[in-house]
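This is what each chain is made of:
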Amino acid sequence: MSPRPSSSDPSAYQRLREHLAYLEMSAAAEHLADELDRGTREQASATQVLERLMAIEADATRARRLRGRLRFARYPIHKTLAEFDLDFQPSLDRKVLAELSTLRFVEERRNVILLGPPGVGKSHLAIALGIAATEAGYRTYFTSAADLVANLQSAHLEGTASYKMRTYTGPSVLVVDELGYLPLDQASANWIFQMVSRRYEKASIVLTSNRGFGDWNQVFADPVVASAIVDRLLHNATVINIKGHSYRMRRYDAAQQAKGGSAMVA
Ligand code: ADP
Ligand code: MG
């Protein structure tokens, strides 16, 4: 058996380790000896050994960047499309969801609007789409509508609104959860309008609301602003209207049904 390359030229090996340390390629440094041994054992070419080593480093960097993007995006909870039980929500068009999961909507700067009553999975799907985009390499950001308004308003009072606005305009996908849970006053409606119009035709918004568009006049104090927001949001959008039951209440519903069933028998 040939000697370990790491021991065949100890000084070159040592310098190589120093280069990797200087370049902060810690995953490659960690696997260096093993990969050199493997190369010798398999009589691999220098190209093959280098490729494997760099693949290890590239994978580690990719994973680290993804963790960074996920941290930046501030999802309140990790949800995936795979975890979503489509059978529970028959009103949901699987084709539409499958199309969204290709993330073409991000490339096309299309918005995704998820509407429906509480508990039907709007936030789950919005977060899952955002996380899928993050995993695909896009920069994304999650906020509730209420937090967005409160943050912009307080930044405004400190004179830093335009800086703060970049948080909401920069990412390729902005997930805005729970618009319409609370009625918005004129100033709040104006911040939503600013965000929507700045992202308009530039980058996607994934938005959830428990109110249909018909009710948005009540959500926003000013009907002119309301229709300006709806106009821009819907211009290039996929709207998903979930009509089913609350997933949170499914055990309760099932218990009630069982009770009803036995009552009829009795
Ligand atoms: P909404 O935002 O519409 O009020 P959520 O998305 O918060 O509802 O859903 C409530 C809870 O139920 C979450 O924990 C979510 O992950 C779960 N959930 C909702 N619908 C489904 C589903 N079809 N399959 C799996 N989990 C679901
Ligand atoms: Mg929700």
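About the thresholds
- Residues numbered from 1 in each chain as written.
- Chains lettered and ligands numbered in written order.
- Predicted model: local features only at pLDDT ≥ 70, side-chain atom pairs only at ≥ 80, totals over all residues.
- Heavy atoms only, no water.
- Core = buried A, V, L, I, M, F, W, Y, C linked by side-chain atoms within 4.5 Å.
- Buried < 20%, exposed > 50% of the residue type's maximum accessible area, 1.4 Å probe, protein only.
- Helix = DSSP H or I, 4+ residues; strand = E, 2+ residues; numbered from the N terminus.
- Contact = heavy atoms within 4.5 Å.
- pLDDT = per-residue confidence, 0-100.
- Domains from an automatic or database assignment.
- Buried area = accessible area lost by both parts, 1.4 Å probe.
- Salt bridge = Lys/Arg side-chain N within 4 Å of Asp/Glu carboxyl O.
- Polar contact = N/O pair within 3.5 Å; in protein donor to acceptor, adjacent residues only side chain to side chain.
- Near = heavy atom within 4 Å.
- Nonpolar A, V, L, I, M, F, W, Y, C, P; charged D, E, K, R; others polar.
- Axes fitted to C-alpha atoms, helices over the stretch in contact; angles between N-to-C directions.
- Parallel < 35°, antiparallel > 145°, perpendicular 65-115°, else oblique.
- Left-handed = near helix turned anticlockwise from the far one by under 90°.

Chemist: I would appreciate a short explanation of the nonpolar core in the present structure.
Modeler: Side chains that are nonpolar tend, in soluble globular proteins, to be buried together. With 29 residues, the main nonpolar core has I192, M195 and F220 as its most contacted residues. Listed by contribution, the elements that provide at least two residues to this core are strand 1 (111-115), helix 8 (145-157), helix 9 (161-169), strand 3 (173-179), helix 10 (186-199), strand 4 (204-209), helix 11 (216-219) and helix 12 (223-235). Filtering out sequence-adjacent residues up to four positions away, M195 remains in contact with L148, M165, Y168, L174, V176 and I205.

Chemist: Is there a simple way to think about the confidence of the model for the chain in this case?
Modeler: Caution applies to low-pLDDT parts of the model: their predicted coordinates are not meant to be read in detail. Confidence in the prediction for the chain averages 92 pLDDT; 95% of positions are at 70 or higher. Overall, residues 262-266 carries pLDDT values under 50, and its contacts beyond four positions in sequence, including any with other chains, amount to zero contacts.

Chemist: I'm lost on the domain arrangement of the chain in this one. Help?
Modeler: Where interface size is given, it is often the accessible area lost as the parts come together that is meant. According to the domain assignment, the chain contains domain 1 (10-72) and domain 2 (86-250). When each unit is reduced to the centre of its C-alpha atoms, the spacing between domain 1 and domain 2 is 41 Å. Every contact between the two is made by four residues of domain 1 and, on the other side, nine residues of domain 2. Considering only the side of domain 1, the residues that lose the most area to domain 2 are R69, L70 and F72, jointly responsible for 87% of the buried surface there. Applying the counting criterion to the domain 1 and domain 2 interface returns zero salt bridges. Connecting domain 1 to domain 2 are one residue pair in polar contact (both at pLDDT 80 or more).

Chemist: How do you make sense of the site of ligand 1 when you look at a structure like this?
Modeler: Within the structure, ligand 1 sits among 14 residues, and K79, D85, G119, K122 and H124 are positioned closest to it. A distance of 3.2 Å is found between an oxygen atom of ligand 1 and a backbone nitrogen or oxygen belonging to V120. Within the side chain of R248, a nitrogen or oxygen atom sits 3.1 Å from an oxygen atom of ligand 1. Of the residues belonging to the shell around ligand 1, the class tally is five nonpolar, four polar and five charged.

Chemist: Whenever I open this one, the side chain of Q89 confuses me. Can you help?
Modeler: Inspection of the secondary structure puts Q89 in the loop between helix 4 (46-73) and helix 5 (94-101). Using a relative accessible area of 1% as the deciding quantity, one classes Q89 as buried. Among the polar contacts listed, one links the side chain of Q89 to the backbone oxygen of V120, at a separation of 3.3 Å. In this view, Q89 contacts F84, V120, I242, G244 and H245; residues no more than four positions away in its chain are not counted.

Chemist: It is not clear to me how the packing of helix 9 against helix 10 should be interpreted in this structure. Could you clarify?
Modeler: The packing of two helices is summarised by the inter-axis angle and the distance between the axes. Between helix 9 and helix 10, whose axes approach to 10 Å, the crossing angle comes to 55°. When the interaxial angle is binned, helix 9 and helix 10 end up oblique. Where helix 9 crosses over helix 10, the two elements pack in a sense that is right-handed. Residues A161, M165, Y168 and T169 of helix 9 form the contact with helix 10, whose participating residues are W191, Q194, M195, R198 and R199.

Chemist: Just to check I follow, could you spell out the side chain of S204 for this structure?
Modeler: Within the fold, S204 resides in strand 4. Side-chain polar atoms of S204 contact the backbone oxygen of F105, separated by 3.1 Å. When residues no more than four places from it in sequence are discounted, the contact partners of S204 are F105, V106, R109, R110, N111, S172, V173, L174 and R199.

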